[in-house]
Amino acid sequence: MTVNGTAHDHDVEPRTLLVQYLREACGLTGTKVGCDTSSCGACTVLVDGESVKSCTMFAAQADGASVTTIEGLADGDRWHPVQQAFHEHHGLQCGYCTAGMVMAAVSLLDEVPEPTERDVRLGLEGNLCRCTGYHNIVKAVLAAAETMRAAR
Amino acid sequence: MSILGTRVLRAEDARLLTTGGTFIDGLALPDALHVAFVRSPVAHARIESVDTTAARSRPGVVAVLTAGDVDLPPEPRSHRRVPDAMERPRIARDVVRFVGEVVAVVVAGSRAQAADAAEAVVVEYDPLPAVVDPEAARRDEVLLFPDAGTNVAFSMPSRAGDDFFAGCEVVVEQRIVNQRVAPCPLEVRAAAARWDGRRLTQWACTQNPHGTRAGLAAALGLDTGAVRVVTPDVGGGFGAKHGTYPEEVIVAWLARRLARPVRWVETRGESMCALGHGRAQVQVARLGGTRDGRLLAYRLEVLQDVGAYPSGATLLPYMTRMMASGVYDIPAVDVDVVDVVTNTTPVEAYRGAGRPEATAALERVVDRFAAEIGLDPAEVRRRNLVAPDRFPFTTPTKATYDSGAYEAALDRVLEAAGYPRLRAEQAARRDRGDTRQLGIGLSMYVEITNPGGEPEYGSVEVRADGTAVARTGTSAHGQGHDTAFAMIVSAATGIPFEAIEVRHGDTDDVPRGHGTGGSRSLQAGGSAISGAVDLLIERARERAAELLEANPGDVVIDPGRGVFHVAGTPALARSWAELARPGPLAAEYDFEPPGATFPFGAHLAVVEVDTETGRVELVRHVACDDAGTVLNPLLFDGQVHGGIAQGAAQALFEEFVYDADGNPRTANLADYAFPSAAELPSFERVPMETPTPLNPLGAKGVGEAGTIGATPAVHNAVVDALAHLGVRHVDMPCTPEHVWLALRSAAPPPARAGE
Amino acid sequence: MIPAAFDYVRADSAEAAIGLVAEHGDEAKLLAGGMSLIPLMKLRLATPAVIVDIGRVRDLSYVRDAGDHLAIGALTRHRDLETSDVLARDCGVLRAVAAQVGDNQVRHRGTIGGSVAHGDPASDLPAALVALDATFVVRGPGGERTVAATDFFRGFLETALGPDELLCEIRVPKSGPNGYAYEKFNRRAQDWAIVGALAARVGGTTRVALVNMGPVPLRAAAVEEALAAGGSVPDAAALAAEGTEPPHDLNASPEYREHLARVLVRRALEAL
């Protein structure tokens, strides 16, 4: 599979989850595991451009796919508008949910480019954060939407 | 202009937003073996046998060990009055007392091999009757520790006489279950350890690295000098990661015994049962006063469920007792405390640790008192607040509040919320008989931060290139210490914020510390850094005087430029780099707080309750939290937001549930439903700053404040929405079903005239 | 968190999948989007020896106008349903219900066929398909057969699908863009319904289906009959719990579920 633009080829056990593949085989530890019931979304990555929970997909299912993780989101030193907005609006504290939250937000804004606050809150229903109370995450995503709209 | 008090963006964010930071499970530790624990699936049983034969023969297995194989002493007692018989072995020996207790440990070459082998360990249990409900445990019919002869682990009896409420025209009583919750940091526990033949290096997922160092050293019989604890990024703690868990000690023991690096990360399912739980008090609150709203006597009975072993929760009721009377000037206050063990996960500190329980009880019963005398709840509160000219104010439970402006906080919240308009809207909906009723809930709190009064270590060092390193004995897990402490250094020295590195969490790098808990980091850790900076500037001034050939007394610092010069001749200046070049330029300081500080505030929650289904929606939450001087409003607001969400979640969503046999029913994040963004509103913050005189920053702690204020505000709002339907109380969490049940059992409202 | 070990084989066509399942027998389990199966495997509540991955069977992903009905490939993802123009025009109800399934990440992977085959009475789509009187096209070693949705769900997580069969297509009547209301009652947006009530007008009749009110997705027959007989909405909705066997769990007692069913059915009917 292609991860962040680089081809990766590893033989793994069939039971290897995509998140384990990314962390252990590819060494990309930005993607996190926060639960074992597909509830928290900390493991969210983009598979062929869409958000998925990488703990609920076997690596083998992503064979041949293009995967983007938090490590591959910035364009060199230029952060993605969602990364930038999370920084400017203090959308992260401990940082553990952040990679998944950011990737979910990127996917959401791709599907709903001009969201309302309600759209953002519902669009992030699959991602749990225990630190921020979501207030600044929602602000950040709305701000990123505005930045991206202005750039279009 | 100083950067203090400004919205400086976080130094921590870059790594977390681009590479995801460095958490223990992501550490590169070549050759590390993987540890998995075998845990009890039953709440109370005698261990008949543990058969490790099959597990040992699984691929990749290096060791399978049970209690008899591991020579570790039991956990230290949490208080000298806790019975010896209630000691906790690191691995269950003869009896298991909660689901999730460690029974055996497996070490294997890979994580999957360890998990597979753990499943192959066969344990035979002879079930014992379990006791889950603390009120039942108190009856001592089922004993967890027969040798103790009781389930009571600790108590602090009431001192009140029969005439306690004499003179009160009205006395209201409310039984309140402050339900057991799970802290749920997004990062579960993890540990890694390496033994080099002489010293242990342990990577710890903790709030308190030096405490972990002491705990590991004591357990393993090592000098603290032989233990290095390294705490990388930590994904939240909320109090539950303050102590040292048996699993961490076992991981350290294994590294030494096997002479191989070992690592462990638990699953969420394990974490829900083995990371400490929070709250878990059953309370009876009685409040007496006059018909015109003057509060005279308050009595609180606390039954603290400490879980299977008396650990961190043993002393939570101390805090509940100390903070019992809150922001009110109540002449007579009495608290009765009993701690009992039950066949459940041990309870530890959880965001607020004993203070939220005090506030939740008092604020709920103040509302009942207001309803009883027919006075607006805001007005009852106002009539009883400690006045601003009474500080320092000592309460009947011997807390000495440093500073406060309680009525101002109340006024600001009522003003910001538009209180009269909300009441008018509520009245209109009641008149119309709307399905969606409006509830307005108030709460006021005062809490205690850095309650233990521990000192804290800070140091600052300027490098030859003019950049600086600050070290702190506190330890961050999301709070933004790097940013906050760099601001303090930068403001005083003029060294650019970006040129200041803040280090914490490595006990070889930072000599001592008390970690992060009780909202202490800024007031204790920040004050230590501030003290170190003052010393540093003194030393730099002396060195500048030498270089400038002037009297030290004539040399001044220009923090705007980050240079020293002789007063009146700013053009001839020496930079930090020039001063640091001749040799080390550093200072360290131990801040000894003269006392704890007492942040306070007022919260107002607005909920809509669907009277047909019982569903509650939090639609607004207005909060005025005053924690003294604010260093960085960005970080401050972030702490409050997270606190409000957690506090509101306790009121509406969260409860860790066991069945009657002690089986957990909410041991994952699907069943343990803490809210997502979709269930919460944006919050409205009302700023207010009343500095404390007890530290140079004027700062109190804000980490727990939001949680403490939010729970009773939201809880009161739910009851308020239904008051006209005869509802007087709803058990937390106010789930749709709980609300529906409360509505069904409510006394029908009196028929109004003319109907 | 780590599933038990298994062998993995991938099928590139429906025929290949049926062949592989026949080859491996009871030990094999079909994997579509994996939104139900993988969580069970991670908790080791499901430990299949062989996984037959049908996620790449592209020719089972479609929403087609088939004249008098719509044909939906079993491997069509929820995301494709909620954005389908065909559904927007001819079966708005299915599009709207698909948008209520799980969260975005689940909808990006989960499939309608996976949801149906799993047979969870708390799922949204099976109840909608029961309301629509959908037909399921099933293929096995012996050929193809069709099963009515109302006959398909047999018990809790139990369907008419044989162990060697593959659900290939779902056929639904054209019910138009509007004329439906779905009242999903849950604690958190991402959660399963505690109770769900769906009302839809299909070909001149009003259909009512219930989510999580028994071991299978149900039609509220008493409600439908009362409405057909000219009964008022409140009177009909009062019958919503008739013939149900609601479960007892953390979120609700059976009694509370019955109450919710009556309220939600009334609201759904009022919103029609």
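Residues numbered from 1 in each chain as written. Chains lettered and ligands numbered in written order. Predicted model: local features only at pLDDT ≥ 70, side-chain atom pairs only at ≥ 80, totals over all residues.

A. Inspection of the overall build of chain C at higher detail. Of regular secondary structure, chain C possesses twelve helices and 14 strands. The C-alpha radius of gyration computed for chain C amounts to 18 Å, which stays within 12% of the reference 19 Å derived for 272 residues, consistent with globular compactness. Across its three principal axes, chain C shows a C-alpha extent of roughly 55 × 45 × 35 Å. Per-residue burial over chain C gives 57% buried out of 272 residues. In chain C, the share of contacts with a sequence separation of at least 24, taken over all contacts with a separation of at least 6, comes to 60%. (Helix = DSSP H or I, 4+ residues; strand = E, 2+ residues; numbered from the N terminus. Rg over C-alpha atoms; globule rule 2.2 N^0.38 Å. Buried ≥ 20, exposed ≤ 12 C-beta atoms within 10 Å, placed from the backbone. Contact = placed C-beta atoms within 7 Å.)

B. Expanded view of the overall build of chain B. Helix and strand content of chain B: 18 helices and 28 strands. Relative to its length of 755 residues, chain B is compact, with a C-alpha radius of gyration of 27 Å against a globular reference of 27 Å. Along the three orthogonal principal directions, the C-alpha set of chain B runs to about 90 × 80 × 50 Å. Going through the 755 residues of chain B one by one, you find that 59% of them count as buried. Put simply, 80% of the contacts in chain B that link residues at least 6 apart link residues at least 24 apart.

C. Examining the environment of Ala-623 of chain B more closely. All names here are of chain B. If you trace the backbone, Ala-623 turns up in strand β27 (residues 616-626). The class of Ala-623 is buried, set by 29 C-beta atoms lying within 10 Å. Remark: the alpha-carbon pair of Ala-623 and Phe-485, spanning 138 residues in sequence, is separated by 26 Å. In this structure, Ala-623 is in contact with Gly-601, His-603, Val-640, Ile-644, Phe-683, Arg-685, Val-686, Gly-706 and Gly-709, ignoring residues within four places of it in sequence.

D. Inspection of the interface of chain A and chain B at higher detail. The interface is formed by 45 residues belonging to chain A together with 40 residues belonging to chain B. Among the residues making up the side of chain A that touches chain B, the classes are represented as 20 nonpolar, 17 polar and eight charged. (Nonpolar A, V, L, I, M, F, W, Y, C, P; charged D, E, K, R; others polar.)

E. Structural context of helix α3 (residues 111-120) of chain B. Among the residues making up α3 of chain B, those that are buried are Ala-112, Gln-113, Ala-114, Asp-116, Ala-117 and Ala-118 of chain B. Lining the buried residues of α3 of chain B we find β1 (33-39), α2 (53-56), β3 (61-66) and β5 (102-108) of chain B.

F. Summary view of the interface of chain B and chain C. On the chain C side, the residues contacting the 18 residues of chain B number 16 residues. Listed by contribution, the elements that provide at least two residues to the side of chain B that touches chain C are α3 and α18 (736-745) of chain B. Broken down by element, the residue count for the side of chain B that touches chain C peaks at three residues, all from α3 of chain B. For the side of chain B that touches chain C, the per-class residue count stands at eight nonpolar, four polar and six charged.

G. Structural context of the packing of helix α16 (residues 633-652) of chain B against helix α17 (residues 705-722) of chain B. All names here are of chain B. Between α16 and α17, the least distance of the axes is 7 Å, while the angle of their chain directions is 35°. Regarding α16 and α17, the two cross each other, and that crossing is right-handed. For the pair α16 and α17, contact is made by Gln-639, Val-640, His-641, Gly-642, Gly-643, Ile-644, Gln-646, Gly-647, Ala-648, Gln-650, Ala-651 and Leu-652 and by Ala-705, Gly-706, Thr-707, Ile-708, Gly-709, Ala-710, Thr-711, Val-714 and His-715, respectively. Of the residues that constitute the contact of α16 with α17, the class distribution is nine nonpolar, twelve polar and no charged. (Axes fitted to C-alpha atoms, helices over the stretch in contact; angles between N-to-C directions. Left-handed = near helix turned anticlockwise from the far one by under 90°.)

H. Looking closely at unusual backbone geometry. Residue and element names in this part refer to chain B. In this structure, Pro-392 follows Phe-391 across a cis peptide bond, with omega equal to -5°. Along the chain, the position of Pro-392 falls in the loop between α10 (377-384) and β16 (393-394). Pro-733 follows Met-732 through a cis peptide bond whose omega is -10°. Inspection of the secondary structure puts Pro-733 in the loop between α17 and α18. Although it is not a glycine, Ala-259 sits at a positive phi angle of roughly 55°. Among the structural elements, Ala-259 can be located in the loop between α6 (246-258) and β12 (262-265). Judged by the 11 C-beta atoms lying within 10 Å of it, Ala-259 falls in the exposed class.

I. A look at the environment of Glu-169 of chain C. Residues and elements named next belong to chain C. Within the secondary structure, Glu-169 is located in strand β10 (residues 166-173). For Glu-169, a count of 24 C-beta atoms within 10 Å puts it in the buried group. The spatial distance from the C-alpha of Glu-169 to the C-alpha of Thr-111 is 12 Å, given a sequence separation of 58 residues. Discounting residues that sit within four places of it in the chain, Glu-169 has contacts with Ala-71, Ile-72, Gly-73, Ala-74 and Val-137.

J. Representation of α10 of chain B. Regarding α10 of chain B, the residues found buried are Pro-377, Ala-378, Val-380, Arg-381 and Asn-384 of chain B. Along the axis of α10 of chain B, the buried residues cluster in a sector spanning 165°; they form a single face. (Arc of directions from axis to C-beta.)

K. Quick look at the nonpolar core. Of all hydrophobic cores here, the largest spans 389 residues; its most connected members are Val-106 and Val-489 of chain B together with Leu-198 of chain C. A total of ten residues in this core trace back to one element, the largest contributor, which is α17 of chain B. Ignoring any residue separated from it by four or fewer positions in sequence, one finds Val-106 of chain B in contact with Ala-36, Val-38, Ala-55, Val-61, Val-64, Ala-114, Ala-117, Ala-118 and Val-121 of chain B. (Core = buried A, V, L, I, M, F, W, Y, C linked by C-beta atoms within 7 Å.)

L. Here's a closer look at the pairing of β27 of chain B. All names here are of chain B. With eight of eleven residues buried, β27 is to be regarded as a mostly interior element. In sequence, strand β26 (residues 600-610) turns back onto β27 through a hairpin of five residues, with Gly-614 there showing a positive phi of about 90°. In the sheet, β27 pairs with strand β28 (residues 684-685) via two bridges, with the strands oriented parallel. Bridge pairing in β28 places Val-622 opposite Glu-684. Handedness of the β-α-β unit built from β27, α16 and β28 comes out right-handed. (Pairing = 2+ DSSP bridges. Right-handed = clockwise from strand over helix to strand, strands pointing away.)

M. Local environment of the domain arrangement of chain C. Residue and element names in this part refer to chain C. Split into domains, chain C comes out as domain 1 (7-53), domain 2 (60-173) and domain 3 (180-271). Between the C-alpha centres of domain 2 and domain 3 there is a distance of 20 Å. The interface is formed by 22 residues belonging to domain 2 together with 22 residues belonging to domain 3. Those elements giving two or more residues to the side of domain 2 that touches domain 3 turn out to be α5 (92-98), α8 (124-131) and β8 (153-155). When residues of the side of domain 2 that touches domain 3 are assigned to their parent elements, the largest contribution, six residues, is made by α8. (Domains from an automatic or database assignment.)

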